[in-house]
Amino acid sequence: GAVVSQHPSRVICKSGTSVKIECRSLDFQATTMFWYRQFPKQSLMLMATSNEGSKATYEQGVEKDKFLINHASLTLSTLTVTSAHPEDSSFYICSARQPNRDTQYFGPGTRLTVL
Amino acid sequence: QKEVEQDPGPLSVPEGAIVSLNCTYSNSAFQYFMWYRQYSRKGPELLMYTYSSGNKEDGRFTAQVDKSSKYISLFIRDSQPSDSATYLCAMKDTNAGKSTFGDGTTLTVKP
């Protein structure tokens with residue numbers, strides 16, 4: 001199956017700093033990538049949908065100025081959590097979809113802890 | 001009301017049991033149905049994908065879709081401790097760019 005990687009897998013940062021998470025599709029070109037947030041023992045919460053070369057579409061209630069998404073190429077999307085605070089601590093997961101396909105392939109996730 | 005409702009669990013079964021995981025949905029535009037498995041602290045992985053009513057089998061896993069009842073199921077035969085995970089159903093209509101996920105059912109298979 002298709003492989004999606006995320007980096008870093010785990011990050012601990014101080015409150016007020018910014019953190020960048022990378023999502024890469026390793027063996028296919030992903031025209032669409034999704035960013036999710038998952039709290040312990042809860043399901044995935046879609047944050048935004050990003051299409052290569054265009055602005056991301058954010059879900060209601062997600063601050064676009066706080067969670068900056070860039071999808072600059074067909075294999076890379078980045079999520080930057082700006083001025084992170086402890087309440088931003090969570091498990092962030094990206095997924096990628098191949099062109100003209102309906103299934104998504106998920107990355108392994110990034111555990112963010114903001115002190 | 002959520003578009004996708006999933007049996008909440010948690011579910012605990014003995015090794016070798018047949019497991020049934022279920023989701024219902026309200027959006028009749030959903031055409032594509034997926035099941036994902038998520039181990040603790042890992043990203044979800046695609047298990048099954050189907051786009052029509054009926055059964056689809058892959059090894060010990062069978063995905064069942066009943067569009068008339070808006071009901072999907074995932075059956076796991078001869079369950080193993082390694083099947084212990086959270087299972088997420090997901091659905092998509094032909095026009096939507098995103099999938100809608102159920103909240104997940106956590107399964108524990110005891111040796």
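What you see is a predicted model, and the numbers here were worked out from it, not measured in a lab.

Caption draft 1: A look at the side chain of Lys-66 of chain A. All names here are of chain A. Tracing the backbone shows Lys-66 in the loop between strand E6 (57–58) and strand E7 (67–73). A distance of 2.9 Å separates the side chain of Lys-66 from the side chain of Asp-88, its partner in a polar contact. In this view, Lys-66 contacts Thr-80, Val-81, Thr-82, Ser-83, Ala-84, His-85 and Asp-88; residues no more than four positions away in its chain are not counted.

Caption draft 2: Here's a closer look at the state of the cysteines. For the coordinates displayed, the defined rule picks out two disulfides over all chains. Across the disulfide from Cys-23 of chain A sits Cys-94 of chain A; the S-S distance is 2.0 Å. Residues Cys-23 of chain A and Cys-94 of chain A are joined by a disulfide whose S-S torsion is about 80°; by sign, that bridge is right-handed. On the criterion of sequence distance, the pair formed by Cys-23 of chain A in strand E3 (residues 19–25) and Cys-94 of chain A in strand E9 (residues 90–97) is long-range, its members being 71 residues apart. The same class applies to Cys-23 of chain A and to Cys-94 of chain A, which are both buried. Between the sulfur atoms of Cys-23 of chain B and its disulfide partner Cys-89 of chain B the distance amounts to 2.0 Å. A torsion of -100° about the S-S bond marks the disulfide between Cys-23 of chain B and Cys-89 of chain B as left-handed. Highlighted residues: Cys-23 of chain B in strand E3 (residues 19–25) and Cys-89 of chain B in strand E9 (residues 85–93), separated in sequence by 66 residues. For the pair Cys-23 of chain B and Cys-89 of chain B, a shared accessibility class is recorded, and that class is buried.

Caption draft 3: Structural context of the layout of surface pockets. When its volume is computed, the largest pocket comes out at roughly 600 Å³. In terms of lining residues, the largest pocket is bounded by 20 residues, among which Pro-40, Lys-41 and Gln-42 of chain A together with Ser-40 and Thr-86 of chain B are the most central. Per-class residue counts for the lining of the largest pocket are seven nonpolar, nine polar and four charged. In this structure, the second largest pocket occupies an estimated 400 Å³ of space.

Caption draft 4: Just the interface of chain A and chain B, in detail. In this assembly, 19 residues from chain A lie in contact with 18 residues from chain B. Of the roughly 1500 Å² buried where chain A meets chain B, counting both sides, 53% is carbon and sulfur surface. Looking only at chain A, the three residues that lose the most surface to chain B are Ser-43, Asp-102 and Phe-106 of chain A, adding up to 34% of its buried area. Taken together, the links from chain A to chain B amount to zero salt bridges. At the junction of chain A and chain B, the tally comes to four residue pairs in polar contact (both at pLDDT 80 or more).

Caption draft 5: Representation of the nonpolar core within the structure. Residues Phe-67 and Leu-112 of chain A are the most contacted members of the largest nonpolar core, which totals 26 residues. Beyond its immediate stretch of four places on either side in the chain, Phe-67 of chain A contacts Arg-37, Met-47, Tyr-58, Val-62, Leu-79, Thr-80, Val-81, Asp-88 and Tyr-92 of chain A. Listed in part, the 24 residues of the second largest apolar core include Cys-23, Tyr-25, Phe-33 and Ala-63 of chain B.

Caption draft 6: Geometry of the sheet that holds E3 of chain B. All names here are of chain B. Judged by pairing direction, the sheet is antiparallel, and its five strands sit side by side in the order E1-E3-E8-E7-E6 without closing on themselves. Strands at the two margins of the open sheet, each flanked by one partner only, are strand E1 (4–6) and strand E6 (54–58). Geometrically, the sheet is characterised by an average inter-axis angle of 15° between neighbouring strands, direction not taken into account.

Caption draft 7: Looking closely at the side chain of Gln-38 of chain B. Counting through the fold element by element, Gln-38 of chain B comes out in strand E4 (residues 30–38). Here Gln-38 of chain A takes part through its side chain, which lies 2.7 Å from a polar atom of the side chain of Gln-38 of chain B. Ignoring any residue separated from it by four or fewer positions in sequence, one finds Gln-38 of chain B in contact with Gln-38, Phe-91 and Ile-93 of chain A together with Gly-43, Pro-44, Ala-85, Thr-86 and Leu-88 of chain B.

Definitions and limits used
Residues numbered from 1 in each chain as written. Chains lettered and ligands numbered in written order. Predicted model: local features only at pLDDT ≥ 70, side-chain atom pairs only at ≥ 80, totals over all residues. Heavy atoms only, no water. Helix = DSSP H or I, 4+ residues; strand = E, 2+ residues; numbered from the N terminus. Polar contact = N/O pair within 3.5 Å; in protein donor to acceptor, adjacent residues only side chain to side chain. Contact = heavy atoms within 4.5 Å. Disulfide = S-S within 2.5 Å. Buried < 20%, exposed > 50% of the residue type's maximum accessible area, 1.4 Å probe, protein only. 1 Å grid on protein atoms, 1.4 Å probe; cavity = no way out; pocket = protein on both sides within 12 Å on 5 of 7 lines; lining within 4 Å. Points joined across faces, edges and corners; volume = space filled by probe spheres on them. Nonpolar A, V, L, I, M, F, W, Y, C, P; charged D, E, K, R; others polar. Buried area = accessible area lost by both parts, 1.4 Å probe. Salt bridge = Lys/Arg side-chain N within 4 Å of Asp/Glu carboxyl O. Core = buried A, V, L, I, M, F, W, Y, C linked by side-chain atoms within 4.5 Å. Pairing = 2+ DSSP bridges. Axes fitted to C-alpha atoms, helices over the stretch in contact; angles between N-to-C directions.

Bear in mind that shape data such as this cannot, by itself, settle questions of function.
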